[in-house]
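# Analysis of the macromolecular model
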Amino acid sequence: MTAAMAMPVAAAGTVPPLLTVEHLTMRFGGLTAVDDVSFTAQNQHITAIIGPNGAGKTTVFNCLTGFYKPTVGRLTLSPPGAPTMLLEQMEGFRIGQKARVARTFQNIRLFPKMSVLENLVVAQHNKLMRASGFTLAGLFGLPVYRDAEKKAVELARYWLERIGLTRRADENAGNLPYGDQRRLEIVRAMCTEPRLLCLDEPAAGLNPRESAELNELLRFIRDEVKIGVLLIEHDMSVVMKISDHIVVLDYGRKIADGNPEFIRHDAAVIRAYLGEDEDDEIPPVIASDLVKDGRV
Amino acid sequence: MVAMVQGARAASVRSFPVMLKEAVIFAAVSLALALPLVGFHILDKGSTSQLQTRFPEMFFAVFVLFLGKLAMSLLEAGHAKRIAAAAAFLAGLWMVVALLHLVPAGSQVLGWFTWLVLVAVAVRGLILVRSDAADARAAAHDDSGTAAGAVIAKLGTVLGPIFLGIALVAPFYAHMVDDKRMVDLGVLIFTYIMLGWGLNVVVGLAGLLDLGYVAFYAVGAYTYAVFSVKLGLNFWETLPIAGALAASFGILLGFPVLRLRGDYLAIVTLGFGEIIRIILLNWAELAGGAQGIGGIPRPSFFGMAFTANPPDGTTAFHQFFNLEFSPMHRQVYLYYIILLLALITNWFTLRIRKLPIGRAWEALREDETACRALGINPTNTKLTAFAIGAMFGGFAGSFFATRQGFISPESFNFLESAIILAIVVLGGMGSQIGVVFATVVLIGGPEWFRDLEAYRMLAFGGLMVLIMIWKPEGLLAHRDPTVRLHPPGAKPAGAKP
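The model shown is predicted, which means the values in this text are computed figures rather than measured ones. Residue positions are counted from 1 within each chain, in the order its sequence is given. Chains and ligands are labelled by the order in which they are written, letters from A for the one and numbers from 1 for the other. Residue-level local features of this predicted model are given only where pLDDT is at least 70; pairs of side-chain atoms are given and counted only at 80 or more, and the full residue set underlies all totals for whole chains, interfaces and linings. Note that water and hydrogens are dropped before the side-chain values are worked out from all heavy atoms of the structure.

Here we take up the overall build of chain A. From N to C terminus, chain A includes 13 helices and 10 strands. Relative accessible area decides the class of each residue, using a 1.4 Å probe on protein chains only: under 20% of the type maximum gives buried, over 50% gives exposed, and in between gives partly exposed. For chain A, with 296 residues in total, the buried portion stands at 56%. Residue contacts are counted whenever heavy atoms from the two residues lie within 4.5 Å of one another. Intrachain contacts of chain A at a sequence separation of at least 6 include 66% that bridge at least 24 residues. With the model as given, the accessible surface of chain A reaches about 12700 Å², and the carbon-plus-sulfur share is 53%. Helix and strand definitions follow DSSP, with helices as H or I runs of at least four residues and strands as E runs of at least two, each counted in order from the N terminus. We get accessible surface area from the Shrake-Rupley algorithm with a probe of 1.4 Å; when it comes to residues, only the shown protein chains can shield them.

Right under this line is the structure:
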């Protein structure tokens, strides 16, 4: 996870990375929000995307999960045991349905007036739709559907127990405290049985204890569920502790890419976060290239 | 005035002179408004008109408002119970006096005006007392919301069969007392209940604000009219066709509005309703244009007509059952048809709510973006909601056509859509029993109080305003989860395996 990780496009080993982002560019009119960003995310790794406000992190997510169509670039998902898919060619909801890339949102987007359990059952919509014979079998209560629903509830129960919300399963999701809502949104995404989980600032607004619980949950997802996690995060205590790999964006460009230890000492990253004097201004891209050349 | 009252509440405790001052200002503003509206009256005397003054009445009305405002302030200051009780007592007294026809002819309007102010004070006081009590309860134990929900849910399971029982035997009673108006009212109410339940799928569950629902009602009605008059099909044969055709129109409406939300969706659906009406108005060959379609066959009971003198070779209903002919028979039969159709709608909706598609509708209402992220196909989900809602509208339309025997575009104007939507919203979006309740209030009320003539519309408007202030979520806005981890009644902590 050292030299190869820093140069993603060249990193073509025997097993292709779970997600390969190549030359991703997103323009809104004259504004280039994401400019030629390439990186990879491995299966069973937590890959963090960090950067100052407005660096284009969420735009990358929106491109990955089909909310935006990238202006330029290729997004390849190569899940183990499934055919390779090109995400940029898929219609929005199909990325959740077929490619099974699940995501959470910066501002929590639960279904507030539905119960906690219903939130998790809705996440299993496509599976249940097939089991209900596209409603007909379900309408007459055939056992096929009843079994499927029972299994769906069991999966939901499993995840609720993991985040300690079993007791409040029948309450409206909107009534939960903020930290619980954050974790519920993550397990709702997990109920879609994803291959890649994209989390947009999951630790935002959490207190230190909740942050620690979140770290534990993310580690569990990586190590026990064995899927890839992509994470946008501002909270460095979360990022540095649990990430296997970090991608740093600034002004829409990638300025650094490597493991936490590498990123911690990267000059360009420090400059992007702490600012610099005006006299010795170096364009961030060049700076990162210089630093990388020196180190790699 | 509501804003004022709420503002006053925020200021909470004030001394009496301050209240007095506020009431005086309130009265002054009212006076300024009332002077041109009430103070002067133009009397039309054939060719000339004469300006009259009505100052005593005006001052009386302003004085009532002054007292009302003062009472409102006192309510806030902690005398809610006593003042509300006094206002309710006076209002009740007036009702008794009015119903016994003891009111002199000249003071009817002012009397009812005073009554309205008293009712407003009483209702406000009641709300305050209730909310204080609710605060106390909430402080005592925090799950009062679930408790209230459980009460309503329990009421639903008890009241549902009771209502159904009443609905089933009501026509026999009406037949006994030979009250045709009652059966008619029943038919009307159940037609609107069915329409309300149908629209509830689109508005209540899927959250798609549809202002043109009457279009599907029209499609259903004209389908039956055309198929029966031109092709001779009977009611039961046409019903599926009408449903299917209305559902297709639902999808037709659905496609262009897929990307629209909220206000924009409402505007387009409103336009759609008008387009259908105007097409019917201008399509003379098929739909008869403004004349509409007459002579639509009435329903028959397994081929037996409800006529006094059936055509040769056929048996009429009353002959077969050895009854004396009565026009009531057909009314009662119509009543049972619409009751059956409405119950099917209800069964279907309750059932589909617990299926993936129903949950997806509700999820779509809550957050479309999140749905997309979970891989739910928003296009299909919305279109099924439109199609199924429209299908029930089509069924109801067919029934309307066979009941009336004559239809014209007049019957399918925007007001109908608005009433159906009002039923759904006032009943509580997504609540099945709420629709029943709201229909009885909104349709039954004005029909029952037809004797009040023009005033009933005023009361209707006032009622809607009151409901919106008092219960903005609708009358019975309780929602039960479609699936539970802990069955109700079981202790939550103990349910864990």
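Next comes the rest of the description.
All names here are of chain A. Within the patch definition used here, like charges are joined within 9 Å and nonpolar side chains (Val, Leu, Ile, Met, Phe, Trp, Tyr) within 5 Å, considering only residues with over 30% relative accessible area and no salt bridge. Every case where a carboxyl oxygen of Asp or Glu lies within 4 Å of a side-chain nitrogen of Lys or Arg is listed as a salt bridge. Charge assignment in this entry is limited to Lys and Arg as positive and Asp and Glu as negative, and neither His nor the chain termini are counted. In plain terms, the charge of a residue is placed at NZ if it is Lys, CZ if Arg, CG if Asp and CD if Glu. Judged by side-chain charge, Arg94, Lys98, Arg100 and Arg130 come together as a positively charged surface patch. Mapped onto the elements, Arg130 comes out in helix 5 (residues 125-131). A relative accessible area of 56% means that Arg130 is categorised as exposed.

So, about the pattern of salt bridges. Counted according to the given criterion, the structure contains 23 salt bridges over all chains. Note that Arg109 of chain A is salt-bridged to Asp367 of chain B, the shortest N-O span being 2.8 Å. Here Asp367 of chain B lies in the loop between helix 13 (356-366) and helix 14 (368-373) and Arg109 of chain A lies in the loop between strand 6 (101-103) and helix 4 (116-122), a pairing that spans two chains. On the basis of relative accessible area, Arg109 of chain A is assigned to the partly exposed category, the value being 23%. Between Glu368 of chain B and Lys382 of chain B there is a salt bridge, with the nearest N and O atoms lying 3.4 Å from each other. A residue pair is termed long-range when its members are at least 10 positions apart, and Glu368 of chain B in helix 14 and Lys382 of chain B in helix 15 (residues 378-404) qualify at 14 residues. Here the salt bridges do not stand alone but share partners, grouping Asp180, Arg183, Arg209 and Glu213 of chain A into one network.

Our next topic: the packing of aromatic side chains. Aromatic pairing here means that ring centres of Phe, Tyr or Trp (its six-membered ring) are within 6.5 Å. Orientation follows from the plane angle: under 30 degrees is stacked, over 60 is edge-to-face, and everything else is tilted. Counted under the stated rule, the structure contains 20 aromatic pairs over all chains. Centre to centre, the rings of Tyr158 of chain A and Trp159 of chain A are 5.4 Å apart; their planes meet at 80 degrees, and the pair counts as edge-to-face. With a centroid separation of 5.7 Å and an interplanar angle of 80 degrees, the aromatic rings of Phe40 of chain B and Phe55 of chain B are classed as edge-to-face. With Phe40 of chain B in strand 1 (residues 40-45) and Phe55 of chain B in helix 3 (residues 55-99), this pair connects stretches of sequence that are 15 residues apart.

Looking at chain direction, strand 1 (residues 19-28) of chain A and strand 2 (residues 31-41) of chain A are connected through seven bridges and run antiparallel. Across the sheet, Phe28 of chain A pairs through a bridge with Leu31 of chain A, a residue of strand 2 of chain A. One requirement defines pairing of two strands: DSSP has to find at least two bridges between them.

Turning our attention to the side chain of Asp210 of chain B. Residues and elements named next belong to chain B. Mapping Asp210 onto the fold places it in the loop between helix 6 (180-205) and helix 7 (214-231). Put simply, Asp210 is tucked away with no salt bridge, and the nearest opposite charge, on Lys382, sits 13 Å away. Here a polar contact means two N or O atoms within 3.5 Å. Within protein one must be a hydrogen donor candidate and the other an acceptor candidate, and residues neighboring in sequence count only if both atoms are side-chain atoms. A distance of 2.8 Å separates a polar side-chain atom of Asp210 from the backbone nitrogen of Gly212. The residues contacting Asp210, other than those within four sequence positions of it, are Leu199, Val202, Val203, Phe216, Leu253, Thr269, Phe386 and Leu421.

To continue, consider the interface of chain A and chain B. Residue-level contacts link 42 residues of chain A with 36 residues of chain B. In total, chain A and chain B occlude about 3500 Å² of area from one another, counting both sides; carbon and sulfur atoms represent 67% of this. At the boundary of chain A with chain B, the tally comes to nine residue pairs in polar contact (both at pLDDT 80 or more). Breaking the side of chain A that touches chain B down by element, the ones donating at least two residues are helix 3 (92-99), strand 6, helix 4, helix 5, helix 6 (136-139) and helix 7 (143-163) of chain A. It is helix 7 of chain A that provides the largest number of residues to the side of chain A that touches chain B, a total of six residues. Buried area: the sum, over both parts, of the accessible surface (1.4 Å probe) that disappears when the two are put together.

Let's shift gears to a nonpolar patch on the surface. Together, Leu136, Phe140, Leu142 and Val144 of chain A together with Trp347 of chain B line one region of the surface with nonpolar side chains, adding up to about 540 Å² of accessible area. Looking at the secondary structure, you find Trp347 of chain B in helix 12 (residues 328-353).

Once that is clear, we can look at helix 13 of chain B. The element helix 13 of chain B is extensively covered by neighbouring structure, given that 10 of its 11 residues are classed as buried. Among the residues of helix 13 of chain B, Pro356, Ile357, Gly358, Arg359, Ala360, Trp361, Glu362, Ala363, Leu364 and Glu366 of chain B are the ones counted as buried.

This brings us to the packing of helix 2 (residues 16-39) of chain B against helix 3 of chain B. All names here are of chain B. Think of each axis as a best-fit line through the C-alpha atoms, taken over the contacting stretch in the case of a helix, with angles from 0 to 180 degrees between the N-to-C directions. Viewed as axis vectors pointing N to C, helix 2 and helix 3 meet at an angle of 150 degrees, and their least axial separation amounts to 8 Å. Classified by the angle their axes make, helix 2 and helix 3 are roughly antiparallel. With respect to the hand of their crossing, helix 2 and helix 3 are arranged in right-handed fashion. Residue classes follow a fixed rule: Ala, Val, Leu, Ile, Met, Phe, Trp, Tyr, Cys and Pro count as nonpolar, while Asp, Glu, Lys and Arg count as charged, and any other residue, Gly among them, counts as polar. Classifying every residue of the contact of helix 2 with helix 3 gives 20 nonpolar, three polar and two charged. Angle categories: roughly parallel below 35 degrees, roughly antiparallel above 145, roughly perpendicular from 65 to 115, and oblique for all the rest. Rotating anticlockwise by less than a right angle from the far helix to the near helix defines a left-handed crossing, while the corresponding clockwise rotation defines a right-handed one.

Right, let's get into the side chain of Asp170 of chain A. Note that Asp170 of chain A resides in the loop between helix 7 and helix 8 (178-190). For Asp170 of chain A, a relative accessible area of 15% puts it in the buried group. Polar side-chain contacts of Asp170 of chain A include one of 2.9 Å to the backbone nitrogen of Leu485 of chain B. With residues near it in sequence (within four places) discarded, Asp170 of chain A still touches Ser115 and Leu117 of chain A together with Pro481, Val483, Arg484, Leu485 and His486 of chain B.

All names here are of chain A. The sheet built from six strands is open, its strands ordered 6-7-8-3-9-10 with mixed pairing. Single-partner strands in this sheet number two, and they are strand 6 and strand 10 (253-258). Averaged over neighbouring strand pairs, the angle between their axes works out to 20 degrees when direction is ignored. As judged from the four bridges shared by strand 3 (residues 46-50) and strand 8 (residues 228-232), these two strands associate in the parallel manner. Its bridge partner lying in strand 8, Ala48 is registered against Leu231. Sitting on the sheet, helix 2 (residues 57-64) touches strand 3, strand 6, strand 7 (196-200), strand 8 and strand 9 (245-250), and the angle it makes with strand 8 is about 145 degrees. Each of strand 6 and strand 7 is contacted by helix 8, which is oriented at about 160 degrees to strand 7, the strand it contacts most.

Moving on: the environment of Gly174 of chain A. Residue and element names in this part refer to chain A. As for its position among the elements, Gly174 is in the loop between helix 7 and helix 8. Accessibility expressed as a relative area gives 36% for Gly174, which makes it partly exposed. Sequence-wise, Gly174 and Leu110 are 64 residues apart; in three dimensions their C-alpha atoms are separated by 7.5 Å. If near-sequence neighbours (up to four positions away) are discounted, Gly174 is found in contact with Pro112 and Gln181.

Now for the nonpolar core. Membership of the largest hydrophobic core comes to 157 residues, with the highest contact counts inside it found for Leu184 and Ile221 of chain A together with Ile407 of chain B. With 16 residues, the top contributor of residues to this core is helix 6 of chain B. We define a nonpolar core as any set of buried Ala, Val, Leu, Ile, Met, Phe, Trp, Tyr and Cys residues linked to one another through side-chain atoms lying within 4.5 Å. In terms of nonpolar packing, the next biggest core, distinct from the first, is built from 30 residues, Phe39, Ala55, Leu87 and Leu249 of chain A among them.

Turning our eyes to something else, we now look at the pairing of strand 4 (residues 72-77) of chain A. Residue and element names in this part refer to chain A. In this structure, strand 1 lies alongside strand 4, joined through five bridges in antiparallel fashion. Residue pairing across strands places Thr20 opposite Thr76, the latter belonging to strand 4. Pairing analysis gives two bridges linking strand 4 to strand 5 (residues 85-86), with the strands arranged antiparallel. The partner of Leu77 across the bridge, within strand 5, is Met85.

Below, the discussion takes up helix 9 (residues 262-282) of chain B. Residues and elements named next belong to chain B. By this rule the span expected of a helix is its residue count minus one, scaled by 1.5 Å. Helix length check: helix 9, at 21 residues, gives a terminal C-alpha distance of 31 Å against a target of 30 Å (1.5 Å per residue), a fit within 8%. Among the residues of helix 9, those classed as buried are Leu265, Ala266, Thr269, Phe272, Gly273, Ile276, Arg277 and Leu280. For helix 9, the arc enclosing every buried residue in end-on projection is 125 degrees, short of the 170-degree limit, so these residues lie on one face. Along helix 9, the residues that are exposed and aim more than 90 degrees away from the buried face are Asp263, Tyr264, Ile267 and Asn282. Where the residues of helix 9 are buried, they touch helix 7, helix 8 (235-254), helix 10 (284-287) and helix 15. Directions from the helix axis toward the C-beta atoms define the arc.

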